[in-house]
Amino acid sequence: MALRAARYIGDQRIEVGNVEGKPPAAGEVAIRVAYNGICGTDLHIVQGHMDTRVAMPAVIGHEMSGIISAIGSDVESLTPGQPVTVMPLRWCGECASCRAGHQHICQRLDFVGIDSPGALQEQWTVPASLVVPLPEGISLEHAALVEPLAVAVHDVRRSRLVAGETAVVIGGGPIGQLIAVVARAEGAEVVLAEPDAVRRAFAAQQGAIVVDPIEGDLAAVVEERTSGAGADVVFEVAGTRGTALDATRHARTRGRVVFVAIHPEPVPVDLHRIFWRELEVLGARVYEREDFERAIELLASGAVPADALITRVVPLDDASEAFEALLAASAMKILVDVQGVRA
Ligand SMILES: [Zn+2]
Ligand SMILES: [Zn+2]
């Protein structure tokens, strides 16, 4: 069975062609993929930064929605026709992290769509245990945002943010914006720092106080909003050396600083500030099942500006152009309509 798919073939190129599909084996489910969102990780793959991890030619994509088209022999809890998304993590179940209950940071984690084939294909076969059914009232377009939203839900949950607190979000890309949305949904005040004017305007529209970190003075704004105390929580989402060093500066005494961005190289942090203010520094990586469920709940409730976040939807044939557009400009989220063909 030939399936149309977008594959990363190396040399910064995405190619749309046919791959061989297979019916679901025991314990597996086949999903007719509807939409797949492209994220920063996918851009890193296509830029060649993850070539040691990705087996080329690679079908990538891990932010998706779709309809179950077939189920394997011993799958009981799912049925064809069901709208679903996928939590793209496969863990070993045996390592120390797994045994401690932290399967999402399994020491042998397989991130599906990076380490194994992803969703940018007409039909995607995955283990049934990864499938998360969607409730009524959430469109398949919006459901393609569940995965990145679950990242933001996890980050906010790690921070232990509560209503009435102030959160600083450094970086207004898709994940930073989603953290701001989730933090506000939890009842926090949000100050978001972002140099790009379009992204700042987006955050302001969602109710965040915005600061241009180049022209403006983030520290002064945070001080003013917190009567000089500093923010309860700071999220570092920009991933630069400067922002990593700056993050601890905005947290109050015993505040929490969450490092969300991926820093591939070691970067300096202000250990004296951590000592002086008794700060708590937290890492946050991917999500757990409860974060996925909460993300679905937030999207279904209308608390997330999903339509505004989706800059545009392109057919699978135009997947390569979508990657180029994301690399060139400050688009939020581009979805690939995986069943769509160029008009
Ligand atoms: Zn992603
Ligand atoms: Zn494990």
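The following paragraphs examine the structure supplied in this document.

About the cut-offs
Residues numbered from 1 in each chain as written. Chains lettered and ligands numbered in written order. Predicted model: local features only at pLDDT ≥ 70, side-chain atom pairs only at ≥ 80, totals over all residues. Heavy atoms only, no water. Helix = DSSP H or I, 4+ residues; strand = E, 2+ residues; numbered from the N terminus. Rg over C-alpha atoms; globule rule 2.2 N^0.38 Å. Contact = heavy atoms within 4.5 Å. Areas by Shrake-Rupley, 256 points an atom, 1.4 Å probe, with all protein chains shown as cover. Donors = N, O, S within 2.8 Å, 3.2 Å for Na, K, Ca; no water. Tetrahedral: all angles 85-135°; square planar, octahedral: opposite > 155°, others 65-115°. Buried < 20%, exposed > 50% of the residue type's maximum accessible area, 1.4 Å probe, protein only.

Another aspect to go through is the overall build of the protein. Regarding its fold elements, the protein presents 12 helices and 18 strands. For 343 residues, the compact-globule formula gives about 20 Å, and the C-alpha radius of gyration of the protein, at 20 Å, lands near that figure. If you line up the protein on its principal axes, its C-alpha atoms span 65 × 45 × 40 Å. Excluding contacts between residues fewer than 6 apart, the proportion of contacts in the protein whose partners are at least 24 apart in sequence is 67%. Accessible surface computed for the protein: about 15,100 Å², of which carbon and sulfur atoms make up 50%.

Here we come to the coordination of the zinc ion (ligand 2). Cys92 (SG), Cys95 (SG), Cys98 (SG) and Cys106 (SG) make up the full set of protein donors to the zinc ion (ligand 2), lying at 2.3 to 2.4 Å. The coordination sphere of the zinc ion (ligand 2) comprises 4 donor atoms, whose angles at the metal cover 103 to 120 degrees; the geometry is tetrahedral. In the primary sequence, the donor residues of the zinc ion (ligand 2) line up as C-x2-C-x2-C-x7-C. By relative accessible area, cysteine 95 is classed as buried at 6%. Taking the relative accessible area as the measure of exposure, cysteine 98 reaches 5% and is therefore buried.

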